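Each chain is listed here by its residues.
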2 protein chains.
Amino acid sequence: MKISIIGVGLIGGSIALKLKQKNTVDFIYGIDNNTDNLNEALSLNIISEKADFENGIKNSDLIIIATPVDSAREILPEVLNLISDQQTVMDVGSTKSGIVNSVKDHPKRSRFVAFHPMWGTENHGPKSAIADSFSGKAGVICNREESADDALQLVENIVNDLDMHPIYMNAEDHDIHTAYISHISHITSYALANTVLEKEKEEDTIFQLASSGFSSTVRLAKSHPEMWVPIFKQNKDNVLDVLNEHISQLRKFKSALEKDNFEYLEELIVNANRIREILNQ
Amino acid sequence: MKISIIGVGLIGGSIALKLKQKNTVDFIYGIDNNTDNLNEALSLNIISEKADFENGIKNSDLIIIATPVDSAREILPEVLNLISDQQTVMDVGSTKSGIVNSVKDHPKRSRFVAFHPMWGTENHGPKSAIADSFSGKAGVICNREESADDALQLVENIVNDLDMHPIYMNAEDHDIHTAYISHISHITSYALANTVLEKEKEEDTIFQLASSGFSSTVRLAKSHPEMWVPIFKQNKDNVLDVLNEHISQLRKFKSALEKDNFEYLEELIVNANRIREILNQ
């Protein structure tokens, strides 16, 4: 199978590596506005050939859009305009309502499968790509009833070859759940980094004292704005909803401390500890 | 050398394992109000013998207090009352001003060295102890000028045997820095867990969708209240100060989103990204 990957960064690159390892694909066209990324992906053997948009798409059985979510939304209709009924398109974006709505009435809608692999790191670019990234994680497929059976089957095979298990969801639910489980973590982590950078002027002290706990909580704050601003923008209402709740939860800690109400503080912590059982299911 | 460890949990147990591995100590008395912990520590070969408070202390060259910080503050003067000028006492608590002040005028003050190893996990109890936990981390020694030279030297040797590097600081500065770098991370993580538990009623969805990013940010929310309530209590003013700043940083994200001010959102993220360089020094 020949495929095109549009956007050969962390996710696109990781998918490429895995599908080559599994012999799912034998040729990968790399398409990217960023020439450095493209050259790097070629020299790392992530893609087989650099391609321009039209040529890559024309020669591919499957086109994977792995750009930031705002570009993906613009690119998808253009890709659908170019393909036949024998070709399939999938994306890998972290928000799904916007992209699904953008092609709702497109005559080639059924050739598209909306996909979101529940994996990522704070790193970016093809050099950060890892073949085994996805193993054991969930791969969410949204609005599957809007995709043609053969397109859906092809993407399910890809999910399987990535060693992921598929979960099915509608795009609206996906965007609500990911606001809770992924997007708010990033805002928390960015805000925590800004708090420490604002209050702790001795950068050397941060470095020296930073324990594994701090590094773990602040890890996502390294994530790039090119990817995350569009996600927050597209999932604005859900993110705001969860952010308001988060601020109100922090206020409970503040109030417990201010009032020396340590029984309440303990209650808040005991409740938070419940996450242990849920994550260790 | 014979030592007593008062509180054979995660930290006390990990120190015991490492010091035995290094042959720094040949006998460890375990002292703990929690009989289960004590029996577990004995069966895991973490301690050599269960001891009562007075007997353990009497027969030890070094006494390590590794209880939650509120108990440590009560226990320390009692330990100092029992020891000679040939014995040394150290603690491992995450707050330092309280404990240092509690023995400021004690006639045996100079036998005590205030210590805080910058390592911990969300787990607890002797079964979670790991010998190599401390390797490469900072070990903070506070108010060293208040300790006798030989007591300080002994603790510095212990720090060395734990494969840590010593950092010297006064207790007030320590409590300010750890509020920034450790304590606020825990509150953020607890509040994030409570946010998700409050908003996401489908626990199965949390489990299925939780990516490594979420798990990493929420990891500290598994930490036990027995340890953390006393820390927040003893470091209340500093923690409140940082918590207020954190809430105000989150409000900036909220405001940027509400006003569709995506340039500002990007600025906030670019600023947070600076943590990458600091942590990767």
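Before reading on, note that the structure itself is shown above.
Right, let's walk through the structure included here.

How each quantity is defined
Residues numbered from 1 in each chain as written. Chains lettered and ligands numbered in written order. Predicted model: local features only at pLDDT ≥ 70, side-chain atom pairs only at ≥ 80, totals over all residues. Heavy atoms only, no water. Pairing = 2+ DSSP bridges. Helix = DSSP H or I, 4+ residues; strand = E, 2+ residues; numbered from the N terminus. Contact = heavy atoms within 4.5 Å. Axes fitted to C-alpha atoms, helices over the stretch in contact; angles between N-to-C directions. Parallel < 35°, antiparallel > 145°, perpendicular 65-115°, else oblique. Left-handed = near helix turned anticlockwise from the far one by under 90°. Nonpolar A, V, L, I, M, F, W, Y, C, P; charged D, E, K, R; others polar. Least-squares fit on C-alpha atoms with pLDDT ≥ 70 in both. Salt bridge = Lys/Arg side-chain N within 4 Å of Asp/Glu carboxyl O.

## Comments concerning the sheet that holds strand 6 (residues 112–117) of chain A
Residues and elements named next belong to chain A. Spatial ordering of the open sheet is given by 3-2-1-4-5-6-7-8, a layout of eight strands whose pairing is mixed. Pairing within the sheet leaves two strands with one partner each, and these edge strands are strand 3 (49–50) and strand 8 (165–169). As paired strands, strand 2 (residues 27–31) and strand 3 are joined by two bridges and run parallel to one another. Within the sheet, the bridge partner assigned to G30 lies in strand 3 and is K50. Most of the contacts of helix 1 (residues 10–21) go to strand 1 (residues 2–6), to which it runs at about 160°, and overall it touches strand 1, strand 2, strand 4 (62–65) and strand 6. Set on the sheet, helix 6 (residues 149–161) makes contact with strand 4, strand 5 (88–91), strand 6, strand 7 (138–142) and strand 8; between it and strand 5 the angle comes to about 50°.

## Re the packing of helix 7 (residues 171–199) of chain A against helix 11 (residues 236–258) of chain B
Between helix 7 of chain A and helix 11 of chain B, the shortest axis-to-axis distance is 9 Å and the interhelical angle comes to 125°. With respect to helix 11 of chain B, the axis of helix 7 of chain A lies oblique. At the point where helix 7 of chain A passes helix 11 of chain B, the crossing takes the right-handed sense. Listed contacts from helix 11 of chain B to I187, T188, Y190, A191, L192, N194, T195, E198 and K199 of chain A of helix 7 of chain A are D241, V242, E245, H246, Q249, L250, F253 and L257 of chain B. Here the residues of the contact of helix 7 of chain A with helix 11 of chain B sort into eight nonpolar, five polar and four charged.

## Notes on the packing of helix 7 of chain A against helix 7 (residues 171–199) of chain B
Interaxial distance between helix 7 of chain A and helix 7 of chain B falls to 11 Å at its minimum, and their mutual angle equals 155°. Comparing their axes, helix 7 of chain B and helix 7 of chain A come out roughly antiparallel. In this structure, the crossing between helix 7 of chain A and helix 7 of chain B has a hand that is right-handed. Residues Y180, I181, I184, S185, T188, L192, V196 and K199 of chain A of helix 7 of chain A pack against Y180, I184, S185, T188, L192, V196 and K199 of chain B of helix 7 of chain B.

## Section: the relation of the copies chain A and chain B
Rotating chain A by 180° about the axis while translating it 0.0 Å along that axis superimposes it on chain B, leaving an RMSD of 0.0 Å. Both copies of the chain, as the preceding transformation shows, are related through a two-fold rotation axis. Judged by C-alpha distance, T217 of chain A is the residue of chain A that lies nearest the rotation axis, at 2.2 Å. An overlap of 100% is found between the interface residues of chain A and their copies at the interface of chain B, pointing to a shared contact surface.

## Side note on the pattern of salt bridges
As enumerated under the stated definition, the model contains 19 salt bridges over all chains in all. Among the charged side chains, a network of salt bridges with common partners joins K18, K22, D132 and D163 of chain A.

Geometric descriptors of this kind do not, in isolation, establish any biological role.
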